[in-house]
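Each chain is listed here by its residues.
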Amino acid sequence: QPPCRLRSVFTQKHEQIPAPTGPEIAFAGRSNAGKSSLLNMMLARKGLARTSRTPGCTRQINFFDVGVAGGPNLVFVDLPGYGYAKVSKVESRDWKKLLERYLQERPTLEAVVILVDARRGVEEEERGLIDFLRLRDGLPVFLAVTKLDKFSKSDQKPRLKAIEKDAGVEPGQSRKVRYFDGWV
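Rules used in this analysis
- Residues numbered from 1 in each chain as written.
- Predicted model: local features only at pLDDT ≥ 70, side-chain atom pairs only at ≥ 80, totals over all residues.
- Heavy atoms only, no water.
- Core = buried A, V, L, I, M, F, W, Y, C linked by side-chain atoms within 4.5 Å.
- Buried < 20%, exposed > 50% of the residue type's maximum accessible area, 1.4 Å probe, protein only.
- Helix = DSSP H or I, 4+ residues; strand = E, 2+ residues; numbered from the N terminus.
- Contact = heavy atoms within 4.5 Å.
- Salt bridge = Lys/Arg side-chain N within 4 Å of Asp/Glu carboxyl O.
- Phe/Tyr/Trp six-rings, centres within 6.5 Å; stacked < 30°, edge-to-face > 60°.

S.K.: Please set out the nonpolar core residue by residue, giving values where relevant.
M.R.: Core analysis: the biggest nonpolar cluster contains 30 residues, and I61, L79, Y102, L103, V112 and I114 have the highest contact counts within it. Elements with a minimum of two residues in this core: β2 (24-29), β3 (61-67), β4 (73-78), α2 (89-105), β5 (109-117), α3 (124-134), β6 (141-146) and α4 (153-167). Aside from chain neighbours lying at most four places away, what touches V112 is A26, A28, L103, L133, L139, P140, V141 and F142. With 12 residues, the next largest nonpolar core counts L38, L43, V66 and L115 among its residues.

And the structure:
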């Protein structure tokens, strides 16, 4: 179990985001796509990142300081979900501004993992986020496909290919797409 410390930002103000402490990997995706569950699994800590069946539980940017044995200290960043969440339009707009500024300006952001629910596929919000992240030259973007276990084994591969195509993954580039499954 890697040593881990949680720092949370309970604000919609960019100025209150903590100073960078190390390389950051951000986890983005639709509300209820499994971001917090993935982080809990990766850190082998049940309940470290709050999970719920109700969309929109992550209402702030959460920073997890992770010590890697024999490696660098990393920061995993759990971003608020987009799409369906029971929040006001003002709060949703404020999240968007905060996230866009974080994703554009954070000097220690090294990669973004976008979680995609296999049942929903790549929708307008995911395509918009992928296009937005392409503006930041050299920033690796990974797709993590969740809830693939809801499909039969014979339907999984075609579903993955459809998601790759919808995300704009060029032929031969699928090695950059990583699939996670079974924790949600």
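Now that the structure is up, let's keep going.
S.K.: Break down the pattern of salt bridges for me, with residues and values.
M.R.: All chains considered together, the criterion is met by 11 salt bridges. One salt bridge in this structure joins R30 and E123, with 3.0 Å as the shortest N-O distance. Pair noted here: R30 is in the loop between β2 and α1 (35-42) and E123 is in the loop between β5 and α3, with a separation of 93 residues, a long-range link. The shortest N-O distance in the salt bridge between D117 and K147 comes to 3.7 Å. On the criterion of sequence distance, the pair formed by D117 in strand β5 and K147 in the loop between β6 and α4 is long-range, its members being 30 residues apart. Shared partners join several salt bridges into a network, and the residues in it are R30, R120, E123, E125 and E126.

S.K.: Provide a residue-level description of the packing of aromatic side chains, including the pertinent values.
M.R.: With the rule as written, the count across this model stands at 2 aromatic pairs. With a centroid separation of 5.5 Å and an interplanar angle of 75 degrees, the aromatic rings of F27 and F76 are classed as edge-to-face. Note that F27 is positioned in strand β2 and F76 in strand β4, a separation of 49 residues in sequence. Take F27 and F76: they sit in the same class, and that class is buried. A ring pair is formed by F63 and Y102, whose centres lie 6.3 Å apart and whose planes are at 75 degrees; its orientation type is edge-to-face. Taken together, the residues span a long stretch of sequence, with F63 in strand β3 and Y102 in helix α2 at a distance of 39 residues. For F63, a relative accessible area of 0% gives the class buried. A relative accessible area of 0% means that Y102 is categorised as buried.

S.K.: Report on unusual backbone geometry, specifying residues and quantitative values.
M.R.: Not every positive phi belongs to a glycine, and K147 is a case in point at roughly 60 degrees. Taking relative accessible area as the criterion, K147 reaches 10% and is therefore assigned buried.

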